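Structural overview for review
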Amino acid sequence: MSRPDSTRFRPSEKMTGLNPITALGSLDDTTRANIIGTIVGHPKGAPSKKELEYYNPSVAASTLTDHLSRLKKVGLVEVVERDREGLQRGQPYRFFQLTDAARDLFDRNNLFEPDAYRAMFAEVEKTDEIEAAEAVDRPGDQD
């Protein structure tokens, strides 16, 4: 009897602190999976809440906040903020992106392939307001 390749099931160094079973289990909800898909497909990989609301129109803002909190708690999503200096009133400064551990987990399991999600994302019609929100620099854009 052959032994399974256990290397597939060992967390990588990037996954420290992330429980893969709990993290993947949190995606049993369609809305949370769609939020992850929106983050992955976003041109800069870090949408603002305004953008997440736009791309997930059937989700109430308070429900979106609850789902983002759950995704942060299990280690899939993190909040990044940029300096507010130079921003016009109403422009976003807080963004949501995958953690390195989440990207590693998804890559190891062939989930949420960025190119496929970005191709779908590019087809979405955007309002001027959303295009302006997407144009705002994210932390790391200035690096």
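As named in an unreviewed UniProt entry, the protein is ArsR family transcriptional regulator, taken from Haloarcula saliterrae.

1. Thoughts on the packing of aromatic side chains
For any pair of aromatic rings, the description consists of the separation of the ring centres together with the inter-plane angle of the planes. Using the criterion set out here, one finds four aromatic pairs in the structure. With 5.2 Å between their ring centres and 85° between their planes, Tyr54 and Tyr55 make a pair best called edge-to-face. Taken together, the aromatic side chains of Tyr54, Tyr55 and Phe121 make up a single cluster linked through ring pairs.

2. Comments concerning the pattern of salt bridges
Counting across every chain of the model gives six salt bridges. Between Lys50 and Glu129 there is a salt bridge, and its shortest N-O distance comes to 3.1 Å. You can see Lys50 sitting in helix 3 (residues 49-55) and its partner Glu129 sitting in helix 7 (residues 128-135), a full 79 residues away along the chain. Of the charged contacts in the structure, one is a salt bridge between Arg103 and Asp107, with a shortest N-O distance of 2.9 Å. On the criterion of helical spacing, the pair formed by Arg103 and Asp107 is a turn pair, its members being four residues apart in helix 5 (residues 100-108).

3. Describing the packing of helix 2 (residues 30-41) against helix 4 (residues 61-73)
At a minimum axis separation of 10 Å, helix 2 and helix 4 run at an interaxial angle of 75°. Taken together, the axis directions place helix 2 and helix 4 in an arrangement best described as roughly perpendicular. Across the interface between the two elements, Thr31, Arg32, Ile35 and Ile36 from helix 2 touch Leu64, His67, Leu68, Arg70 and Leu71 from helix 4. Split by residue class, the contact of helix 2 with helix 4 holds five nonpolar, two polar and two charged.

4. Some thoughts on the side chain of Arg82
Take Arg82: it is sitting in the loop between strand 1 (77-81) and strand 2 (94-98). For the buried Arg82, no salt bridge is present, and the opposite-charge side chain at shortest range is Asp137, 4.6 Å distant. A polar contact of 3.4 Å, which involves the side chain of Arg82, links it to the backbone oxygen of Asp137.

5. What about the environment of Arg138?
Locating Arg138 in the fold gives a position in the segment after helix 7. Sequence spacing of Arg138 and Phe96 is 42 residues, and the spatial spacing of their C-alpha atoms is 9.9 Å. Side-chain polar atoms of Arg138 contact the side chain of Glu51, separated by 2.6 Å. For Arg138, the side chain forms a polar contact with the main-chain oxygen of Val136, separated by 2.6 Å.

6. Here we look at helix 7
For helix 7, the full list of buried residues reads Ile130, Ala133 and Glu134. An end-on view of helix 7 places all buried positions within 100° of arc, on one side of the element. Residues of helix 7 that are exposed and point over 90 degrees away from its buried face: Asp128, Glu129 and Ala135.

7. Here's the deal with helix 5
Listed as buried for helix 5 are Ala101, Ala102, Arg103, Asp104, Leu105 and Phe106. Close packing links the buried residues of helix 5 with helix 1 (20-25), helix 2, strand 2 and helix 6 (114-122). Positive backbone phi, approximately 55°, marks Asn110, located one or two places after helix 5.

Criteria and cut-off values
- Residues numbered from 1 in each chain as written.
- Predicted model: local features only at pLDDT ≥ 70, side-chain atom pairs only at ≥ 80, totals over all residues.
- Heavy atoms only, no water.
- Phe/Tyr/Trp six-rings, centres within 6.5 Å; stacked < 30°, edge-to-face > 60°.
- Salt bridge = Lys/Arg side-chain N within 4 Å of Asp/Glu carboxyl O.
- Helix = DSSP H or I, 4+ residues; strand = E, 2+ residues; numbered from the N terminus.
- Axes fitted to C-alpha atoms, helices over the stretch in contact; angles between N-to-C directions.
- Parallel < 35°, antiparallel > 145°, perpendicular 65-115°, else oblique.
- Contact = heavy atoms within 4.5 Å.
- Nonpolar A, V, L, I, M, F, W, Y, C, P; charged D, E, K, R; others polar.
- Buried < 20%, exposed > 50% of the residue type's maximum accessible area, 1.4 Å probe, protein only.
- Lys, Arg positive; Asp, Glu negative; His and termini not counted.
- Polar contact = N/O pair within 3.5 Å; in protein donor to acceptor, adjacent residues only side chain to side chain.
- Arc of directions from axis to C-beta.

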